[in-house]
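Below are the chains, spelled out letter by letter.
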Amino acid sequence: MRQSRTYQLNSRIVAGDFPEFDTVIYLNSNGTGTDRLALGKVSSFRSDQAHGALDTLHEATRNINDWLFGYLSYDLKNEIEELNSENHDGLDFPCLHFWQPQLVFEWDDKHLHVHWTGLDVEQVETITQQLISNTLSSAPQQPGISLTPRITREEYLEKIATIKQHILLGDVYELNFCQEFFAENVSILPWEIYQLLNSETLAPYSTFLRDGSRSVMSASPEMYLRKSGQTLESSPIKGTARRGQTEEEDRLILEELRNHPKEQAENVMIVDLVRNDLSRIAQPGTVSVPGLMEVKSFKTVHQMVSTVSCTLRPDKNFTDIVKATFPMGSMTGAPKISAMKLSEKYESTRRGLYSGCIGFFTPDGDFTFNVVIRTLQYNADNRYLSLMTGGAITHLADPQQEYNESLLKAEAILRILSN
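Residues numbered from 1 in each chain as written. Predicted model: local features only at pLDDT ≥ 70, side-chain atom pairs only at ≥ 80, totals over all residues. Heavy atoms only, no water.

Explain the packing of helix H4 (residues 153-168) against helix H10 (residues 399-418) to me, please; I cannot follow it from the model alone.
For the pair H4 and H10, interaxial distance at closest approach is 9 Å and the crossing angle is 125°. Considered as vectors, H4 and H10 are oriented oblique to each other. Here the hand of the crossing between H4 and H10 comes out right-handed. Contacts from Arg153, Tyr156, Leu157 and Ile160 of H4 reach H10 at Pro399, Gln400, Glu402, Tyr403 and Ser406. (Axes fitted to C-alpha atoms, helices over the stretch in contact; angles between N-to-C directions. Helix = DSSP H or I, 4+ residues; strand = E, 2+ residues; numbered from the N terminus. Parallel < 35°, antiparallel > 145°, perpendicular 65-115°, else oblique. Left-handed = near helix turned anticlockwise from the far one by under 90°. Contact = heavy atoms within 4.5 Å.)

Help me understand empty space enclosed by the protein in this model?
Vacant regions in the atomic arrangement are exposed by a probe of water-molecule size rolled over the atoms. The final tally for this structure, using the stated rule, is six cavities of 30 Å³ or more. Taken as a whole, the largest cavity holds about 150 Å³ of empty space. Surrounding the largest cavity, 19 residues form its lining, Lys238, Ile373, Arg374, Gly390 and Lys409 being those nearest its centre. The residue makeup of the lining of the largest cavity, split by class, is six nonpolar, seven polar and six charged. (1 Å grid on protein atoms, 1.4 Å probe; cavity = no way out; pocket = protein on both sides within 12 Å on 5 of 7 lines; lining within 4 Å. Points joined across faces, edges and corners; volume = space filled by probe spheres on them. Nonpolar A, V, L, I, M, F, W, Y, C, P; charged D, E, K, R; others polar.)

Looking at this model, I keep getting lost on the pattern of salt bridges. Mind explaining?
If charged atoms from side chains of opposite charge come close, those side chains can pair. Considering all chains together, one arrives at 27 salt bridges under this definition. The salt bridge involving Arg350 is made with Asp75; its shortest N-O contact spans 2.9 Å. Separated by 275 residues along the polypeptide, Arg350 in the loop between helix H9 (336-346) and strand E19 (357-361) and Asp75 in the loop between strand E5 (68-72) and helix H2 (77-80) bring together distant segments of the chain. Using a relative accessible area of 6% as the deciding quantity, one classes Asp75 as buried. In this structure, Glu233 and Arg226 form a salt bridge, with 3.4 Å as the shortest nitrogen-oxygen distance. The class for Glu233 is partly exposed, based on a relative accessible area of 25%. With relative accessibility at 29%, the residue Arg226 sits in the partly exposed group. Each of Arg12, Asp35 and Asp109 takes part in one network of salt bridges that share partners. (Salt bridge = Lys/Arg side-chain N within 4 Å of Asp/Glu carboxyl O. Buried < 20%, exposed > 50% of the residue type's maximum accessible area, 1.4 Å probe, protein only.)

Help me understand the nonpolar core in this model?
One broad trend across soluble globular proteins is that nonpolar side chains are buried collectively. Leu103, Phe105, Trp107 and Leu385 are the most contacted members of the largest nonpolar core, which totals 42 residues. Excluding anything up to four places from it in sequence, Leu103 contacts Arg2, Phe21, Leu37, Ala38, Leu39, Val114, His115, Trp116, Leu119, Val124 and Ile127. (Core = buried A, V, L, I, M, F, W, Y, C linked by side-chain atoms within 4.5 Å.)

It is not clear to me how the state of the cysteines should be interpreted in this structure. Could you clarify?
In a disulfide, the sulfur atoms of two cysteines are covalently bonded to one another. Inspection of the entire model under this criterion finds zero disulfides. For the unlinked cysteine Cys95, the closest cysteine sulfur is that of Cys357, found at 11 Å. No disulfide involves Cys178; its sulfur sits 15 Å from that of Cys357, the nearest cysteine. (Disulfide = S-S within 2.5 Å.)

Right, here's the structure in full:
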């Protein structure tokens, strides 16, 4: 039985790493809502291969009325559809992994809620006071690291030109193409890098994950899915522009993004795809688009964001939802299956957790999951560090501009690593 306690706060808490726990997830709302930190695990549900992963997922979520934290990798697509993942993989993340944490902390500016099981009250109080007083030791400064692109600029441009030929032939209407930047034989300080990345971006779905020897440092601005009661909501992002150096330049860039025909076309195509996905699990007539092509400003970029929602059919569970909507349309293209096949053909790196999602279930069955983008991944066993970036390719795409956009999405992370 999980116990709970609530504390009054005078200011918002700054999270820490808690290295004594092998499993840590920190979901940072960056002041827009509730932060959550999950430590340790009581039990876990893991699948290293796509085959059978959905059965594992169903068992993990069917009868446990408790907190569950974890992630789905992009490679889960191989069980949902007849697909494969044969590209290079230096990270070796599981296909999915969920667990019941020992400790869950939730907080905003005024209250801290603590939920625990498998620990005595004195242990919980000690850890809680560490969190509240921020007495956790900080890591030393991370030394500079350079990442190498797995494909050259010329190869990137050639691949985009080839993908555009597929679009002209009608094989796809839009395709999300990704490239990797990587480093081998490096030692990093994941929590330190995450702190630097989060302070640089202040992304609303920023996440730190440590799962044994594997770490994720994410500055994601995108939500894959949120369930509240029977309401299901997705917020796909398509359309990116840099921030300006002055207020006037920033305003002009924002307006250009808002009215850009290619960015609008990308966004609308993905909205249609998400509407179609949700209609497979929604009560008839409930799929709606409460927000279309809204331009939102983050610390380092402007983004075009839409919101699609529905009322979930009462006979549909989380596994059904995943089968209908995963991978998220913003990371595939349309039609989804054709786009995923072509992405596998032309990309040079297995996506793994990139393009997947990280999130949590509450004890009453609600959940929130982000989209794993703007993210560093690290495997400490083989000392491999990876960053992937992607962009939507349509018939209006200019290969050089697409290449520049992929660098823009990586810019903040590359700058942090090089300092």
